[in-house]
Amino acid sequence: MNTKTYAGIPAEHSKLDQSKIVLIPVPYDGTSTWQKGADKGPEAFLHASENMELYDIETDSEVYLQGIHLADAVTENASPEAMVEAVHEATKKFIKKNKFVTVFGGEHSISIGTIRAFNEMFEDLTVLHIDAHADLRESYEGSKCNHACAVYEASQTTNLIQVGIRSMDAIEKTVMDEDKTYFAHEMAVDDSWMDSAIDQMTDNVFITFDLDAFDPSIMPSTGTPEPGGLFYYETLEFLKQVFEEKNVVGFDIVELCPNENEKSSDFLAAKLYYKMLSYKFQDQDVDDDFESNFNTTSNGNNKFSKFNDEDEY
């Protein structure tokens with residue numbers, strides 16, 4: 001990574017001690033099975049961010065003033081399992097420092113590590129999985145840390161909500177909770193999906209956002225584009241509502257596969273990241289302390305199964 005600060009922001013807004021937000025790049029592409037290049041995603045995202053206006057019109061804010069620390073990239077690639085553990089450790093380290101932790105990949109297998117860390121540190125975690133693909137295989141090509149397994153563990157240990165799904169293997173239906181899955185073809189004809197999905201979330205929400213959730217007409221530069229995806233403003237409408245109604249404890253964005261001849265995807269990823277931060281901090285003054293509600297006594301055993309249907313949030 002050649003970038004010294006996120007989006008080229010001044011050093012005084014990027015020092016760890018003075019930053020509320022941490023960004024961890026993970027340039028990993030060890031298990032993707034079609035188009036390679038997601039390991040170049042973080043660098044392309046950071047470069048696009050340097051060319052982005054830092055005033056957000058909608059929220060009337062400049063969220064970078066809250067402080068955004070660009071952490072050292074996680075470059076472990078000896079094996080998918082080693083990478084997942086390295087991401088897990090890095091993520092958990094910064095959560096414990098009372099930071100709002102964000103991660104930019106890399107392929108979706110990195111999210112196994114981020115979700116594991118957040119699930120260990122936050123009570124009753126909902127994982128909001130926005131993606132074209134179900135990613136629910138228990139293992140794939142000999143590894144449980146494959147990109148096709150990105151949220152299998154979350155399906156067993158958290159309250160998993162899946163949005164935008166339009167491609168999956170039949171075996172994944174044996175794992176999927178269809179009551180908490182919002183398929184793209186249904187979302188296209190029923191605009192009640194946003195409220196329904198939010199109603200099924202617990203208070204603490206971690207978002208894992210695979211960029212192929214977007215329609216390839218606006219996000220072509222991803223490893224496995226699928227027709228029939230989300231568009232920009234409906235996605236923002238949903239995210240804004242989630243941030244307003246729930247305590248979003250962190251997020252990751254994955255699967256930018258940059259194309260030298262197509263830069264709009266890089267810029268969309270950069271804008272999405274900044275917009276999500278803007279929603280998170282729009283009601284916080286720069287001088288306000290950031291207080292995470294992570295569980296200081298966590299022993300790493302927050303391993304409950306699916307919530308009962310009669311549970312009320």
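Anything mentioned here points back to the structure above.
Cut-offs applied
- Residues numbered from 1 in each chain as written.
- Predicted model: local features only at pLDDT ≥ 70, side-chain atom pairs only at ≥ 80, totals over all residues.
- Heavy atoms only, no water.
- Helix = DSSP H or I, 4+ residues; strand = E, 2+ residues; numbered from the N terminus.
- Buried < 20%, exposed > 50% of the residue type's maximum accessible area, 1.4 Å probe, protein only.
- Areas by Shrake-Rupley, 256 points an atom, 1.4 Å probe, with all protein chains shown as cover.
- Lys, Arg positive; Asp, Glu negative; His and termini not counted.
- Charge placed at Lys NZ, Arg CZ, Asp CG, Glu CD.
- Core = buried A, V, L, I, M, F, W, Y, C linked by side-chain atoms within 4.5 Å.
- Contact = heavy atoms within 4.5 Å.
- Salt bridge = Lys/Arg side-chain N within 4 Å of Asp/Glu carboxyl O.
- Phe/Tyr/Trp six-rings, centres within 6.5 Å; stacked < 30°, edge-to-face > 60°.
- Expected span 1.5 Å × (residues − 1).
- Pairing = 2+ DSSP bridges.
- Axes fitted to C-alpha atoms, helices over the stretch in contact; angles between N-to-C directions.
- Parallel < 35°, antiparallel > 145°, perpendicular 65-115°, else oblique.
- Left-handed = near helix turned anticlockwise from the far one by under 90°.
- Nonpolar A, V, L, I, M, F, W, Y, C, P; charged D, E, K, R; others polar.
- Right-handed = clockwise from strand over helix to strand, strands pointing away.

1. Notes on the overall build of the protein chain
Summing up its helical and strand segments, the protein chain has 8 helices and 8 strands in all. Within the span of the protein chain, comprising 313 residues, buried residues form 59% of the whole. Total accessible area on the protein chain stands at roughly 13,300 Å², and carbon and sulfur atoms take up 44% of it. Side chains of the protein chain carry 24 positive and 59 negative charges; the gap between the two charge centres is 6 Å.

2. Regarding the nonpolar core
Ranked by internal contacts, the top residues of the largest apolar core, which has 57 residues, are Ile207 and Phe238. Among the elements that make up this core, the one with the highest residue count is helix α8 (residues 264–281) (10 residues). Discounting residues that sit within four places of it in the chain, Ile207 has contacts with Leu128, Ile130, Leu239, Val242, Phe243, Val248, Gly250, Phe251, Asp252 and Met276. Formed by 36 residues, the second largest nonpolar core is a distinct cluster that contains Val74, Ala90, Phe94 and Leu125.

3. Some details on the pattern of salt bridges
In the structure shown here, the tally under the stated rule is 10 salt bridges. Salt-bridge contacts for Lys275 lead to Glu58; the nearest nitrogen and oxygen are separated by 2.9 Å. With a gap of 217 residues between them, Lys275 in helix α8 and Glu58 in the loop between α1 (41–49) and β2 (68–70) connect regions that are remote in the sequence. Between Glu260 and Lys263 there is a salt bridge, and its shortest N-O distance comes to 3.8 Å.

4. Considering the packing of aromatic side chains
Counting across every chain of the model gives 15 aromatic pairs. The interplanar angle of 80° and the centroid separation of 5.3 Å between the aromatic rings of Phe45 and Tyr273 together place this pair among those described as edge-to-face. Placement of the pair is Phe45 in helix α1 and Tyr273 in helix α8, with a sequence separation of 228 residues. Of the residues examined, Phe45 reaches a relative accessible area of 0% and is grouped as buried. Measuring from ring centre to ring centre gives 6.2 Å for Phe100 and Phe290, while their planes differ by 85°; the resulting arrangement is edge-to-face.

5. Digging into helix α3 (residues 110–121)
Residues separated by three or four positions in an α-helix point in the same direction, a consequence of the helix having 3.6 residues per turn. The end-to-end C-alpha distance of α3 is 18 Å, a good match for the 16 Å that 12 residues give at a rise of 1.5 Å each. The buried count for α3 comes to 12 of 12 residues, which makes it a mostly enclosed element. Residues Ile110, Ser111, Ile112, Gly113, Thr114, Ile115, Arg116, Ala117, Phe118, Asn119, Glu120 and Met121 constitute the buried set of α3.

6. A closer look at the sheet that holds strand β6 (residues 181–183)
With respect to topology, 8 strands assemble into an open sheet ordered β2-β1-β3-β8-β7-β4-β5-β6, the strand pairing being parallel. With partners counted over all chains shown, the strands left at the sheet margins are β2 and β6, one partner each. Strand-to-strand twist across the sheet, computed as the mean angle between neighbouring axes with direction ignored, equals 15°. Of the pairings in the sheet, the one linking strand β5 (residues 159–165) to β6 comprises 3 bridges and is parallel in character. Across the sheet, Gln162 pairs through a bridge with Thr181, a residue of β6. Strands β1 (21–26), β2 and β3 (100–105) of the sheet are contacted by α1, whose axis makes an angle of about 115° with β3. Against the sheet, helix α7 (residues 232–245) makes contact with β4 (125–130), β5, β7 (204–210) and β8 (247–254), and its axis sits at roughly 160° relative to β7, the strand it touches most.

7. Description of the packing of helix α2 (residues 80–96) against α3
It is at 7 Å that the axes of α2 and α3 come closest, and there the two elements cross at 40°. The orientation of α2 with respect to α3, classified from their angle, is oblique. Considering only the axes of α2 and α3, their crossing is right-handed. Residues Met83, Val84, Glu85, Val87, His88, Thr91, Lys92, Ile95 and Lys96 of α2 touch α3, and the partners they reach there are Ile110, Ile112, Gly113, Thr114, Arg116, Ala117, Phe118, Glu120 and Met121. Partitioning the contact of α2 with α3 into residue classes produces 9 nonpolar, 4 polar and 5 charged.

8. Some thoughts on the pairing of β8
Of all 8 residues making up β8, 7 are buried, and the element is well covered by its neighbours. One ladder, built from 4 bridges, connects β3 with β8; its direction is parallel. Of the residues in β8, the one forming a bridge with Phe104 is Ile253. Here 7 bridges tie β7 to β8, and the two strands are oriented parallel to one another. Looking at the pairing, Ile207 lines up with Phe251 of β8. The handedness of the β7 to β8 crossover, carried by α7, is right-handed.

9. Things to note about the pairing of β1
For β1, a buried count of 6 out of 6 residues is recorded, marking the element as mostly surrounded by other parts of the structure. Judged by which residues are buried, β1 turns out to be covered on both faces: Ile21, Leu23 and Pro25 on one side and Val22, Ile24 and Val26 on the other are all buried. One ladder, built from 3 bridges, connects β1 with β2; its direction is parallel. Bridging across to β2, Ile21 finds its partner in Ile68.

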